[in-house]
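Working through the structure, step by step
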Amino acid sequence: MADTQPKYVPSPKTGNPGELSSAATTMQQRTSMLRAVYGGTETMRAKDKEFLPQYEKESDTRYKSRLASTFALNKLREAVDAASAKPFRTLLKVNNGDPDLDAWVQDIDLQGNHLHVFAHQFFNNAMLDGMCHILVDHPDTYNMKSLAQQKASGARPFMKMFKVDDVAAAYDQYVGGDTKTVHVRIRSQRAERDGFKEVLYNQIRVIEIDPSKTSGIVQLWEQKATSGGSNWTFVEETPLQNMVEVPFVTMYAGEKEADYLVRPVFIDLAYKQIEHWISSSDQRSILSAARFPMLACSGVVIDPDDEKQFAIGPYKVLYAPEANGRWYYVEPKGTAIESGAKDLNTLEMQMDMMALNPVTGTHRQYVPQNERDIQETRVHSVVHDMAINCQDSIEKAILFMGQWSNKDYTKVQALLNTEFSNTKDRLAEVAQLVKMWEERGLSRQALLTEVKNRNLLGDDFDMTHELALWAKVDELMQSNDGMMPGRWTQADPAKAPAGGGQTSGAPAANSNDPSQPLPDFGPGQLRPKKQI
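Since this is a predicted model, take the numbers as computed values, not measurements.

Calculation rules
Per chain, the residues get numbers from 1 upward, laid out in the order the sequence is written. Reporting of local features is limited, given that this is a predicted model, to residues whose pLDDT is at least 70; pairs of side-chain atoms are given and counted only at 80 or more, and all residues count toward the totals for whole chains, interfaces and linings. With hydrogens and water set aside, each side-chain value is computed from the structure's full complement of heavy atoms. Under the DSSP-based scheme used, a helix requires at least four consecutive residues in state H or I and a strand at least two consecutive residues in state E, with every element numbered from the N terminus. The buried label applies to any residue whose accessible area, calculated with a 1.4 Å probe on protein chains only, is under 20% of its type's maximum; exposed applies above 50%, and partly exposed to all values in between. Disulfides are defined in this document as cysteine sulfur pairs within 2.5 Å. A strand pair is defined by DSSP finding two or more bridges across the two strands. Helix axes are fitted only over the stretch in contact, all axes being lines through C-alpha atoms; the angle between N-to-C directions runs from 0 to 180 degrees. The nonpolar core is taken to be a set of buried Ala, Val, Leu, Ile, Met, Phe, Trp, Tyr and Cys residues, with the residues joined through side-chain atoms within 4.5 Å. We call two residues in contact when some of their heavy atoms are within 4.5 Å. Angular relationships are summarised with four words: roughly parallel below 35 degrees, roughly antiparallel beyond 145, roughly perpendicular across 65 to 115, and oblique for the angles in between. Throughout, the ten residues Ala, Val, Leu, Ile, Met, Phe, Trp, Tyr, Cys and Pro are labelled nonpolar, Asp, Glu, Lys and Arg are labelled charged, and all others, Gly among them, are labelled polar.

1. Details of unusual backbone geometry
Not every positive phi belongs to a glycine, and Asp 48 is a case in point at roughly 55 degrees. Mapping Asp 48 onto the fold places it in the loop between α2 (41–46) and α3 (60–68). Positive phi, close to 70 degrees, is recorded for Lys 57, a residue that is not glycine. What makes Lys 57 exposed here is its relative accessible area of 83%.

2. A closer look at the state of the cysteines
Under the criterion given, the structure shown has 0 disulfides. Unpaired in terms of disulfides, Cys 132 finds its nearest cysteine sulfur in Cys 390, a separation of 9.5 Å. Looking at Cys 132, the relative accessible area reads 0%, which means it is buried.

3. Considerations on the pairing of strand β4 (residues 167–175)
A regular strand places its side chains so that they alternate between the two faces of the sheet. Sheet topology places β4 next to strand β5 (residues 178–194); 8 bridges connect them, and they run antiparallel. By the bridge assignment for β5, Ala 169 is matched with Arg 185. If you look at the hairpin formed by β4 and β5, you'll find 2 residues sitting between the two strands, and Gly 176 has a positive phi there, around 60 degrees.

4. Re the sheet that holds strand β7 (residues 215–224)
Spatially, β4-β5-β6-β7-β8 is the arrangement adopted by the 5 strands of the open sheet, whose pairing is antiparallel. Sheet topology places β4 and β8 (233–241) at the edges, where each strand pairs with a single neighbour. Across the sheet, the axes of successive neighbouring strands diverge by a mean angle of 20 degrees, strand direction being ignored. One ladder, built from 9 bridges, connects strand β6 (residues 197–209) with β7; its direction is antiparallel. Bridge pairing links Ile 207 to Val 218 in β7.

5. Considerations on the nonpolar core
The biggest cluster of nonpolar side chains holds 77 residues, and the ones touching the most others in it are Leu 76, Leu 115, Ile 134, Met 159, Phe 248, Ile 394 and Ile 398. In this view, Leu 76 contacts Leu 34, Val 37, Tyr 38, Leu 128, Phe 266, Leu 269, Ala 270 and Gln 273; residues no more than four positions away in its chain are not counted. Of all hydrophobic cores here, the second largest spans 6 residues; its members include Val 430, Leu 433, Leu 442 and Val 451.

6. A few points about the packing of helix α1 (residues 22–39) against helix α4 (residues 75–85)
The interhelical angle for the contact between α1 and α4, taken along N-to-C directions, is 95 degrees, at an axis separation of 7 Å. On the basis of their axis angle, the class for α1 and α4 is roughly perpendicular. Of the residues in α4, those in contact with Leu 34, Val 37, Tyr 38 and Gly 39 of α1 are Leu 76, Arg 77, Val 80 and Asp 81. Taken together, the residues of the contact of α1 with α4 break down into 5 nonpolar, 1 polar and 2 charged.

Here it is, written out as structure tokens:
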């Protein structure tokens, strides 16, 4: 029988650890474009002729002037930031944790960031680049004598976020019925002070695991940032223990083409923004030319030496030596300008659609309500799925934190906001729920749960406390006033269950007992009439 056990070959201590994988090569080409477009005018200008081609016979001076007068309509940033904000409209919650995890959540990366802030940045980078990574790390405790000393030092697991460009290579392997990350190469940089100067060093950490064991290695490599070559120096190698895989988590946001290779959600929008960048540059150039009519003359002889001294503008005097000579202005027609404006409007409308913007009914075009509803459903579906992916990634990272500290966090839940409907729709839904509650078709707990799920109650809302409070209110109302449990309305004997739901000693409303006065209610009226 063939040996199906994965074979592990440790990474060498010589060579070039900075070599990019094929997936990383493709992704970094994509993210370079996406990051430049996301940066807006400044970074798009820095791309120079890559984003704004120079026309044939256009002088360098004219091209630089045209580039300097071109400004970006940054729909990509608007789309990414708007989509990223939706799941984080309410505070990220971590359920089924323990006191240690509750404390770690307050500073999840040892940089002072709450898990909510960290996760928002993680989600934002994934939505832009197509994916983002979390490495769950732990300070070195090798020289600490005991667990008590480790706790006293504050050493505990934490999360590090890495963008696409930070990862030179990553590989997964199918092990024991599950896909595990077995090799990662992460790029970073450190600065060393040399007097008043600063020397930068590029670093690569090689983290890999033996799939057949629960151990691996971590290598550190360095090179001077100014070296510009592949002359990496091996620094050290330390063991990685008690891990069945590299504690590395990746969130994909887009169409996954292969391991660590994804087509980002907004890549087409980025290309469309570059198209708008070029068209707006042409339009600005046309407007600049059209706003200043060209001066022409006929029957006039101009000396070449004098021609250089001509200046067109106010407070200038023009003269024609020839008796029949005349000066006049030539103005272009506005056909090209109008065509350019229409092209920009069309591009901007297409950008709105690619930006997952459901409110495309602007001054440019009216969009019927039903079409906006369809668009909004599409938007919510895409962002909802990405939010679920983010929750899964955070939960897996927390699971790794548990492995570092010998804790079982398999039941921990990370909960993001996945209710994206607008406030008007949510209020309409709640109105229907309240009606069901009033008709005794829904319990108070179910009503409050649904209202909370629609983010109409604060993060500090405590369901247990609220139900206990209202249980006491119901008890007092029922015993003193004969009010229906859980309602502000007077109890109706016709709708009351067997026994009337009355406590002993409480007079029944509308009772046939002649000793009890009938309440002054109109037919079918359950509320007292206004007295004052």
